[in-house]
Amino acid sequence: IMALTRTVSLSHRVGYGDFYDFSYTWDGYSDGNRFYGWSANYSHNVYDRDKKSLDWFLFASRGRYRYESIDYESPPARIGYGVGTVQRWRFLNGYWEWTNALGWGYDKPEPTDFSPYTRLEYGYSFSPSHTLVAGLEYGGRTNRLNNRNGLLYGYRQFDIRYNIVW
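Residues numbered from 1 in each chain as written. Predicted model: local features only at pLDDT ≥ 70, side-chain atom pairs only at ≥ 80, totals over all residues. Heavy atoms only, no water.

Engineer: Could you clarify how one ought to interpret the packing of aromatic side chains in this entry?
Structural biologist: For any two aromatic rings, the description comes down to two numbers: the centre-to-centre distance and the angle of the planes. Counted by the stated rule, this structure contains 15 aromatic pairs. Where phenylalanine 57 meets phenylalanine 59, the ring centres are 6.0 Å apart and the plane angle is 35°; that geometry is what we call tilted. Each ring, one from tyrosine 81 and one from tryptophan 104, has its centre 6.4 Å from the other, and the planes form 15°; the classification is stacked. Of this pair, tyrosine 81 sits in strand E5 (residues 78-91) while tryptophan 104 sits in strand E6 (residues 94-107), and the two are 23 residues apart along the sequence. Look at tryptophan 104 and you get partly exposed, because its relative accessible area is 32%. By the ring-pair criterion, three or more aromatic residues cluster together here, those being Tyr29, Phe35, Tyr65 and Tyr72. Taking the ring centre of tyrosine 95 as reference, the NZ or CZ of arginine 88 above it sits at 4.0 Å. (Phe/Tyr/Trp six-rings, centres within 6.5 Å; stacked < 30°, edge-to-face > 60°. Helix = DSSP H or I, 4+ residues; strand = E, 2+ residues; numbered from the N terminus. Buried < 20%, exposed > 50% of the residue type's maximum accessible area, 1.4 Å probe, protein only. Lys NZ or Arg CZ within 6 Å of the ring centre and 35° of its normal.)

Below you can see the structure in the form of structure tokens.
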């Protein structure tokens, strides 16, 4: 199954340390299903000096699928929210970034689960319009649907992106 994803985002910086972002996403799947969702983010810069920075952030999102598919996770509604920190170390043409977040969310009609995660990312800029980003992410999750409140393995992810901006 293939998907075509489109996103529209609005971002606004207030002063030096506050940043707001709102985005709306809609997907079309090759099986005829559709996804519609929004996300809102707020981040506040705690410090930015000596090529190091620390931010904390809040996030919330809600999405829905047109119908549930047996081929992939597609709940009638998906709600998520949480808080976290991002620490960044900058150097010539690149950076290292470490993100830690505490998230809560649920897929209707299931109960709310706790899902913390951590991510380590490396980015390198070949030019202002060409960047390479590689990241490792690991997350846990409770499973209240099956009456398990302890933190279980949730997911792991490795990604590589080459970004071109024009």
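Engineer: What should I look at first to understand the layout of surface pockets in this one?
Structural biologist: Take a probe with the size of a water molecule and roll it over the atoms, and the empty space left behind shows itself. A volume near 1,000 Å³ is recorded for the largest pocket. Forming the walls of the largest pocket are 31 residues, and the residues nearest its centre are Ser61, Arg78, Gly80, Ser115 and Arg141. Among the elements of the structure, strand E3 (34-49), strand E4 (52-65), E5, E6, strand E9 (130-143) and strand E10 (148-164) are those that each provide at least two residues to the lining of the largest pocket. Classifying every residue of the lining of the largest pocket by side-chain character gives eleven nonpolar, 13 polar and seven charged. There is about 510 Å³ of room inside the second largest pocket. Forming the boundary of the second largest pocket are 21 residues, of which Ser43, Asp55, Val86, Arg88 and Glu97 lie nearest the centre. (1 Å grid on protein atoms, 1.4 Å probe; cavity = no way out; pocket = protein on both sides within 12 Å on 5 of 7 lines; lining within 4 Å. Points joined across faces, edges and corners; volume = space filled by probe spheres on them. Nonpolar A, V, L, I, M, F, W, Y, C, P; charged D, E, K, R; others polar.)

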